[in-house]
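Below, each chain spelled out in residue letters.
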Amino acid sequence: MQIDIVVSKTSGLPIYEQIKAQLKAAILLGHIAEGEALPSIRGLARDLQVSIITTTRAYSDLAAEGLVTNVPGKGSYVLPRNAELVRERVLREIEEHFAEAVTQARLVDLSAAELHAVLDAALTPSTEQEQS
Amino acid sequence: MRDLAPMLRLDLLTLVASRKMLAIYVLVVCFLVAVNGALVALPMIGVASMMVCLNLFGTIENHRLTQLYGSLPLRRRTVMVSHYAVTAVLTCVFVLLGALAAGVAAWVRAEPAVGVAEGVGTLGALLLVLALVTPAYVAWGTRTGGLVTLVVVATVIGGLLAFGDNPVLAGALRGLAGVGPEASWWVLGAGVLAQAASLVVSIGVYTRQDH
Amino acid sequence: MNPLELTGVIKRRDGFTLGPLDLVVPRGYVMGFVGANGAGKTTTIKIALGLVHADEGSVRLVGHDRVGVVHDQPAYVGKWTAAQVGRAVAPFHPAWDPERFRALLDWAGIEPTRQVKELSRGMGMKLQLAVALSHAAELLILDEPTSGLDPLARSELLEMLADFMTDERHSVLFSTHITSDLEKIADYVTVIERGRVVASTTRDELVDSYRLVRGAASELDADLRPLVHGLREHGVGWQGLMATEDTVSLGRRAVAEVPTLEEIVVHLAKEPRHA
């Protein structure tokens, strides 16, 4: 499947993080199959017009999270995933994000009901979000 | 010297780029010879050949060529060896051309021809002068080198003009020019030796330089 | 093995001392070499190539046959045609590929019969690139290759370099005072200022380690002044470059932003100025 990576150079978010986030999403959504090869580190750097160190960093991070393996001289391949482990890891990340959101909410005395409303709005299917 | 053959080719390509100027020199000399007769042929060709040869050592392109040499797998000493070799060959060619022009002029004007001794002697004299002057070009560049050449050549010509009547000098010159052809071969030998010594000096200077 | 390593290099000339200087081009990466004009970049490159002899220190360069050099002006005889340039250089390189050279001349839009002196600046740069890429060079040394070039030519050069770098054995030393060229392609950056290396890290780390700061005059006290590089005081405040860790001592009205490479080089080169 065609993998697209679109980076913003002005968003403030480091480019390596954007690359990593988009590749991670593609992997978790199954757009890149297990065992399939990712674009080469250098080829990606050339295509996106970023430095090789930037793409290397993104791929290193992906490897650290157990999503890919980087084989020297050959390339980077998506690792078979333990679905349970992935779910657990994502859940933990969500817990951290929620904990942060709750802390923020308490600073301005947001009620639990208001917080739930925010969550419900976020869970609404994307077409409605695009219209609003 | 694996880099010598490529360097020789590079020098020849550099000369080829100046072929129009070369042609002009040759034409001017031939013209002067035609006008003034066979006797001036060799001295004139001498001056022309020196200017051409030294071009190789100190051209307007010098800065760029130096940068080129620096980016190639090329040793500094090879640059000097090649320059000297090409210069020597060019000088021979010029002397031959000059002798030819002199011969033609002599035949056309029914003047006494120029002998082998003159040719050999001229070649030797040119090699000597070049040997003296070239290290100056290498060490100090085109402008100063050119000045040095001018001074040397002017001194020689000036000396000849000023003291040409001097019997001792005239006798010596006649001795060099015609009497005893062996003398001219000695001059040639001295020229070759001088070139060798000059090459050693130039290599030393060129290798140590910052470019 | 790294293609270029300068260690402890010192060169003294006319009251200007270059070094002690260390410069390493890591294999497989692009090293940007930046600094104001006169900071010592060209001398450093000449020392690397052997055109200039260092007074002290050591130079290790992968053989000249594996190096391609691009200057701001082509280092060829003006009357030579592009084809003659190839003929002049080819005998020195066993790995010379005449097909590749012809193809690259095509890419550059240079007729083989075109003379070097007739070429525009952009084409002169492309000719040198064509030569450099035709003998399997592993290290490209670029000395101000983009000065005087229009944006299109500069972009084409960067694309060629990006392509060159897809081979992990290739490396580039890109020396320039036009730092914006390096924003995209440099993996590492070495900043040279008045003959000394003031920074040499990955591009990201370099940019992370400084902040461009603008602040109120009232907050510029005696403790803060020496921490600001290239301090410019004006009628309504001041501006300068500071090490990131020093920004903790800034007053409330100060604004600290991530600098561009250009701002880093400029501020490190400037002497403090007062309005």
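Our subject is the structure listed above.
Because the structure is a prediction, the values reported are computed rather than measured. (Residues numbered from 1 in each chain as written. Chains lettered and ligands numbered in written order. Predicted model: local features only at pLDDT ≥ 70, side-chain atom pairs only at ≥ 80, totals over all residues. Heavy atoms only, no water.)

Undergrad: Is there a simple way to explain the environment of Leu128 of chain B in this structure?
TA: Residue and element names in this part refer to chain B. Examined against the element boundaries, Leu128 turns out to sit in helix H6 (residues 116-163). With a relative accessible area of 32%, Leu128 lands in the partly exposed category. Along the primary structure Leu128 and Ser198 are separated by 70 residues, whereas in three dimensions their C-alpha atoms are 9.4 Å apart. Those residues in contact with Leu128 that lie beyond four places of it in its chain are Val187, Ala190, Gly191 and Ala194. (Helix = DSSP H or I, 4+ residues; strand = E, 2+ residues; numbered from the N terminus. Buried < 20%, exposed > 50% of the residue type's maximum accessible area, 1.4 Å probe, protein only. Contact = heavy atoms within 4.5 Å.)

Undergrad: Even after reading the chapter, I still don't get helix H1 (residues 15-28) of chain A, so can you show me in this structure?
TA: In an α-helix, one full turn covers 3.6 residues, which means residues spaced three or four apart are oriented alike. All names here are of chain A. The terminal C-alpha atoms of H1 lie 20 Å apart, and with 14 residues this matches the ideal 20 Å at 1.5 Å per residue to within 8%. When we look at burial in H1, the residues that qualify are Tyr16, Gln18, Ile19, Lys20, Leu23, Lys24, Ala26 and Ile27. Where H1 is buried, its residues meet helix H2 (41-48), helix H3 (52-64), strand S1 (68-71), strand S2 (75-78) and helix H4 (83-107). Just beyond H1, the residue with positive phi is Gly30, at close to 85°. (Expected span 1.5 Å × (residues − 1).)

Undergrad: Just checking my understanding: could you explain the interface of chain C and chain A for this structure?
TA: Much of the literature gives interface size as the accessible area that the parts lose upon coming together. At the junction of the two partners, chain C supplies 16 residues and chain A supplies 10 residues. When chain C packs against chain A, the two sides together hide about 1100 Å² of surface, and 52% of this comes from carbon and sulfur. The salt bridge partner of Arg46 of chain A is Asp163 of chain C, with a shortest N-O separation of 3.1 Å. On the surface where chain C and chain A come into contact, there are seven residue pairs in polar contact (both at pLDDT 80 or more). Contributions of two or more residues to the side of chain C that touches chain A are made by helix H5 (151-164) and helix H6 (182-185) of chain C. Of the residues forming the side of chain C that touches chain A, the biggest block, three residues, is contributed by H5 of chain C. Split by residue class, the side of chain C that touches chain A holds six nonpolar, three polar and seven charged. (Buried area = accessible area lost by both parts, 1.4 Å probe. Salt bridge = Lys/Arg side-chain N within 4 Å of Asp/Glu carboxyl O. Polar contact = N/O pair within 3.5 Å; in protein donor to acceptor, adjacent residues only side chain to side chain. Nonpolar A, V, L, I, M, F, W, Y, C, P; charged D, E, K, R; others polar.)

Undergrad: How should I be thinking about the packing of aromatic side chains in this particular structure?
TA: How two aromatic rings sit relative to each other is set out by the distance from centre to centre and by the angle between their planes. Under the criterion given, the structure shown has two aromatic pairs over all chains. Each ring, one from Tyr29 of chain C and one from Tyr188 of chain C, has its centre 5.6 Å from the other, and the planes form 85°; the classification is edge-to-face. Here Tyr188 of chain C lies in strand S8 (residues 188-193) and Tyr29 of chain C lies in the loop between strand S2 (16-25) and strand S3 (30-34), a separation of 159 residues in the sequence. For Tyr29 of chain C, a relative accessible area of 22% corresponds to the partly exposed category. In this structure Tyr188 of chain C comes out as partly exposed when scored by relative accessible area, which is 22%. Both rings, one in Trp96 of chain C and one in Phe101 of chain C, keep their centres 5.0 Å apart while their planes meet at 50°; by these two values the pair is tilted. Of the two residues, Trp96 of chain C and Phe101 of chain C, neither departs from the other in class, the shared state being buried. Its end group placed over the ring of Tyr16 of chain A, Arg57 of chain A keeps NZ or CZ at 3.8 Å from the ring centre. (Phe/Tyr/Trp six-rings, centres within 6.5 Å; stacked < 30°, edge-to-face > 60°. Lys NZ or Arg CZ within 6 Å of the ring centre and 35° of its normal.)

Undergrad: Which parts of the structure should I look at to understand the sheet that holds strand S1 (residues 4-13) of chain C?
TA: All names here are of chain C. Taken in spatial order, the three strands of this open sheet run S2-S1-S4, and their pairing is antiparallel. A single partner strand is all that each edge strand has here, and the edge strands are S2 and strand S4 (56-61). Looking at each pair of strands side by side, their axes are set apart by 25° on average, direction ignored. Here S1 runs beside S2; their pairing, made up of seven bridges, is antiparallel. Within the sheet, the bridge partner assigned to Arg13 lies in S2 and is Phe16. Lying over the sheet, helix H1 (residues 41-49) contacts S1, S2 and S4, oriented at roughly 120° with respect to S1. (Pairing = 2+ DSSP bridges. Axes fitted to C-alpha atoms, helices over the stretch in contact; angles between N-to-C directions.)

Undergrad: Please explain the nonpolar core as it appears in this structure.
TA: The nonpolar side chains of soluble globular proteins are, as a tendency, buried together. The biggest cluster of nonpolar side chains holds 90 residues, and the ones touching the most others in it are Leu10 and Leu68 of chain B together with Trp80, Leu127, Leu161 and Val172 of chain C. The element best represented in this core is helix H4 (residues 121-133) of chain C, accounting for seven residues. Of all hydrophobic cores here, the second largest spans 22 residues; its members include Leu23, Ala48, Val62 and Ile192 of chain C. (Core = buried A, V, L, I, M, F, W, Y, C linked by side-chain atoms within 4.5 Å.)

Undergrad: Is there a simple way to explain the side chain of Thr202 of chain C in this structure?
TA: You can see Thr202 of chain C is positioned in strand S9 (residues 196-202). For Thr202 of chain C, the contacting residues outside a window of four places in its chain are Ile53 of chain A together with Asp187, Tyr188 and Val189 of chain C.

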